[in-house]
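# An overview of the molecular structure
Listed here are the chains, written in short residue letters.
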Amino acid sequence: MKNVSETILAGLSDRQQQAVKHTEGPLLLVAGPGSGKTRVMAHRLAYLVGVNNIPADRILAVTFTNKAARELKERCERLVDFQKEFLQVRTFHGFCARVLRFDGDYVGIPREFSIFDEDDQKKVIRRSFEDENIDIKQHSPGTILNTISRLKNSTKMPDEFAREVSDYGQEIASRIYSRYQSILDVSNAVDFDDLLLKAFILFNDHKYVLDKYSDRFKYIQIDEFQDTNPLQFKVSKLLSNNNGNICVVGDPDQSIYSWRYADPSNLTDFKKSFPKTTVITLDQSYRSTKNILDAANSLIVNNPDRTDKNLWTNNDIGSKIAVYQTGSEEDEARVVLDEIQRLNQSENTPLNEIAIMYRVNAQSRAFEVLCQRLGIRYRLIGGVKFYERQEVKDVLAYLRIVNNKSDDAALLRVINTPRRGISDKTVAEIIRMARENNTSVFSIIAEIYSGKLTGELIPRAIKSIKAFFELLEGIFDISDQLDITDLINFILERTDYISYIRRDEDKGLDREENINELKASSDQYTGIDTGSQLSSFLENVALVSNVDNLEGGDDVRPSSEDLTLITLHQAKGLEYDAVFLVGCEEGLLPHVMSIGEPDSLEEERRICYVGITRAKNNLYFSYSLVRRFRGVTGGQMLSRFVNEIPENLTTKKYARGFSHPLIDGYLKNSPNRKFKSPNTRPLVDEKRTVQFSKGTKVKHDIFGDGIIIKNEGNEGEVVFLKHGVKRLMWQYAPMIVIEKKRRHENDSHDFVDPEIDTA
DNA sequence: ATGCTGGTTGTTTTT
DNA sequence: CAACCAGCAT
C-alpha cells in the first residue's frame, strides 16, 4: 500500500510540495494565476489531516465564495478519508454568521437574527432619512451606505463618529448612521459588514470566546487574502494569535476589490504582523499558453510599485491573441459569437469551456439577445439574481418574519403584498409609532391588535392591520411543526400569493416557476431539526453569491453545454479554454470612473490582468468604435491596456464594413503608446485632419448633421443637431463633409449654442 | 386604495 | 435607455 504522504505529494512541483508540507507557523503563499493554488490548498489540508493526523474539526479554511469552499472540500475529500462535515470550509461572512449564531448574545445579537441585504439596507436608509426629517433627494442612499460601510470597516461606531463630526455633510452622515443602526438593532438584524464587525468585537472584547475558537482552530488557511478588508484581517489575526498556524494565499496582482475596502497590503505587509512568516511564491503557470502569459506579464508590469513576479510556463506558445475591431455593440456581439460558433463546431471546443467577460453587467445584453437569436445556450452570471427576484424575496420575507418577528425590513416588504388594504399612509403612521416607542413594527402591530395603541389610524386601517396580525399569528402557530417547504406552501395558501402573481399575465408563469424553484432549494433542509432549519436556510440564502451557482451547485439546473457570460470581477478564480474580453475601450476598461485616478487605474489594469489569465488556450479582445451608453451614443477608442501588449503577440481583425487602412497605424501608434515611443509617426493622414477644421459642417452616419467645434489633430469635438456634443476620432468617424468652413468666420470665435440640441 | 402615466433619474465592480 | 418614483385619475 502506498503511503499517504506519497499519495498527497504526488504530482506536485517542489515549490508546491514545500507549501503543502509547511504546516507549522505563518505561511504566505503568493500564487500567480494558474499556478495550482487551489490544488496546493486542497493538498495542504489533506496533508494536515492525513499525514499530521490533525482532526479535521481543528482546521478552518476560509474562501471567497461558497463555490470555492465546495470545490476545496471536494478535492480534499478525494485525497484523504475523513469525516467531511468536520472540516470547516467557509466564507468569511459565513464563518462569522456561524460564530454569531452561537455566541452572539455576548455582543447583544439574538440567536434568530436576520441578515439584511443591500435592498433591505437601502430601505432602512430611506426610512432613516424620513425619521431624521432630512430630504433624501439631496443624497444618494448608495453613497451613504458606502460611508457607513467604510466607518464599520474602521470599527467606528455611530456614537464615536458623532463625536468627531466636523462639517455639515458629516453631520448628516452621522445622524443617518445612528438612525440606521438603531433600526437594525430594533430589527434584530445585521448587515454584511456587521457580520464581520460584530464577530471582531466579540473576539476582541471577550477573551473567553476568542480562546474557545482559537483553541479549536489550530490551523487556519485563508484564500484570496489580497481581497480581505480590515475587519477580516483583524478577525484572522485574533483567531490565529494563540498558535500562529496561519496560512494566507493570494496574489497582489489580482486585488480587484478595493472599492469594497479590501486592502492588498494585508497580503503584501503580512510579515509585519507575523514576523516569522515563510514566503513561498508559485509563479509557474500550468494553465495558459506562453503567448497569453507574455501578454499578461507585459500588461501588469505597467503598474508601478509592484513587487516583481513574472509568470512562466512550460506550455506551448499557443496561437496569437486576436484583437477584433467592430463597429457597434451588435457588431461586436456578432463577430464574437461567430468565432465562438466556429470554435465550437470546427475545433470542438465545448461551450462550457468558453466565456465572454466584460467590465459592466449592462454589456451582457447585446450578447444575450444574439445568443437567443442564434439559439446558442448561455448562462448569465450575475444580472438579476435568483434570490433577488421580487416573488422570491416576498416569500423569503414571510419566512424571515417567522424566524425573527422583529425583522422590520421583511415585515414592511409584505405588509401590503398581496394587497390587503393597508395604505402607504397607514404604513407611514405605523413606522412613526415604532420609532416613537423605539420598537419593531411587528410589536406595534401586536399592540394595535390588542387595542393598546391606535395612533392616528382610522378604524378601517385598524381592521386591516388586525387581519394582517391574525394572518401572521396563524403562520407562527404552525411554523415549528413544518419543514420549510411545507411552511412555504402554507404561507402561499394563507396569503393567496399564487393567485396574486397569476394576475400578471406576462410574467406570472415565470414567477410561479421561480417559487417552485425556491421550494426545491428549501427541500434539502427537510429533516433537519425544524427549529434550526429555517435560520440556516435563510442564512444560506443571504450569503450565496452569483458564482456559487456556476456548476455543481446544489440547487441549480446543470448546464454543461452553456456558454458563460460573466463580469471580470466574478471571473476571478475561474478558467476557460477560450476567453473573450469584450468592450476593451477607454472608458469601459479602464472604466471612466478610474481615469485620472492612478490607484483606480492600476486596479483596472489588474481587472484586465485577471481576465487575460483566465484563458488556457485562446484569448480574444474586442472593442467597438461606437457604443450606446446610458441612452447616448459615443465614439470609443481601443483600451490602453490592449496597447500595452506587444504587437507580435496579437493579430488584428476588422469587422465587415469597418476596416480602414489607417487602423493598423492606429493600433501601432495609438495616443497612449506615443508616450512610450516618442519617435512613432503621427497616425492620421494630413488630408483628413485638415478637412475637419473648426466650423466645418459634417454628416455622420449615426448622429446625422453636426458642426465641428474643436479640432485637436487626431480627434476633436462635434456638436450634432440631434445628439449634442460628441468626441470623435477623425479617422474612424463615419462622417462626410457637407460644407466647408466659411473663410471669414473667426476661428477663435466660440459659436456653439449649447441649446442647439433642443432647437 | 389602487393603478397608471409621464417625468425624472442615474449607471462599476459585490461578499 | 432603462428603471424608478411621485403625483394624478380612477
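None of these values were measured; they are calculated from a predicted model. (Residues numbered from 1 in each chain as written. Chains lettered and ligands numbered in written order. Predicted model: local features only at pLDDT ≥ 70, side-chain atom pairs only at ≥ 80, totals over all residues. Heavy atoms only, no water.)

## Let's talk about the overall build of chain A
This is how the line gets drawn: Put simply, DSSP marks the helices as runs of H or I at least four residues long and the strands as runs of E at least two long, and each gets a number from the N terminus on. Remark: exposure states derive from per-residue accessible area (1.4 Å probe, protein chains only) relative to the maximum for the residue type, with buried under 20%, exposed over 50%, and partly exposed in between. Here, residues are in contact when the closest pair of their heavy atoms is within 4.5 Å. Only the protein chains shown count as covering a residue, and every accessible area follows the Shrake-Rupley method with a 1.4 Å probe.
What chain A contains, in helices and strands, is 32 helices and 22 strands. Counting over 759 residues, chain A shows a buried share of 55%. For chain A, restricting intrachain contacts to residue pairs at least 6 apart in sequence, the fraction spanning at least 24 positions comes to 74%. Working note: accessible area of chain A is about 34,300 Å², and carbon and sulfur atoms make up 48% of it.

## With respect to the domain arrangement of chain A
This is how it is decided: Where each domain begins and ends is defined by an automated method or by a domain database.
Looking at chain A, the domain boundaries give domain 1 (2-103 + 196-283), domain 2 (113-186), domain 3 (297-382 + 556-652), domain 4 (384-438 + 453-549) and domain 5 (694-735). The distance between the C-alpha centroids of domain 2 and domain 3 comes to 37 Å.

## Some words on the packing of aromatic side chains
Quick reminder of the rule: Working definition: rings of Phe, Tyr and Trp (its six-membered ring) pair if their centres are within 6.5 Å, and the pair is stacked with planes under 30 degrees apart, edge-to-face with planes over 60 apart, and tilted otherwise. Think of it as a cone above the ring: NZ of Lys or CZ of Arg counts as a charge over the ring if it is within 6 Å of the ring centre and within 35 degrees of the ring normal.
Applying the stated criterion across every chain yields a total of 15 aromatic pairs. Plain terms: the ring middles of Phe 270 and Phe 274 are 4.8 Å apart, the flat faces sit at 20° to each other, and that makes the pair stacked. With relative accessibility at 0%, the residue Phe 270 sits in the buried group. The exposure class assigned to Phe 274 is buried, which follows from its relative accessible area of 7%. Three or more aromatic residues link up through ring pairs in this structure, and these residues are Phe 95, Phe 203, Tyr 213 and Phe 217. The aromatic ring of Phe 200 is capped on one face by Lys 234, whose charged end is 5.7 Å from the ring centroid. Over the ring of Phe 476 we find Lys 405, and its NZ or CZ is 4.4 Å from the ring centre.

## Quick notes on the state of the cysteines
Heads up, the rule is: The disulfide criterion used throughout: a pair of cysteine sulfur atoms within 2.5 Å.
Applying the stated rule across the entire model yields zero disulfides. Free of any disulfide, Cys 608 has its nearest cysteine sulfur in Cys 584, 6.0 Å distant. For Cys 608, a relative accessible area of 1% puts it in the buried group.

## Things to note about the sheet that holds strand 12 (residues 563-567)
Strand pairing in a sheet relies on backbone hydrogen bonds, with the paired strands running either antiparallel or parallel. The line we're drawing: Two strands are counted as paired when DSSP detects at least two bridges linking them. For helices, the fitted axis covers only the stretch in contact; all axes are lines through C-alpha atoms, and the angles between them, taken along N-to-C directions, range from 0 to 180 degrees.
Pairing within the open sheet is parallel, and its seven strands lie in the order 11-12-10-13-14-9-17. This sheet does not close on itself; its edge strands, each paired only once, are strand 11 (378-380) and strand 17 (650-654). Averaged over neighbouring strand pairs, the angle between their axes works out to 20° when direction is ignored. Across five bridges, strand 9 (residues 321-326) lies against strand 17 in parallel orientation. Paired with Gln 325 across the bridge in strand 17 is Tyr 654. Against the sheet, helix 17 (residues 364-374) makes contact with strand 10 (354-358), strand 11 and strand 12, and its axis sits at roughly 155° relative to strand 11, the strand it touches most.

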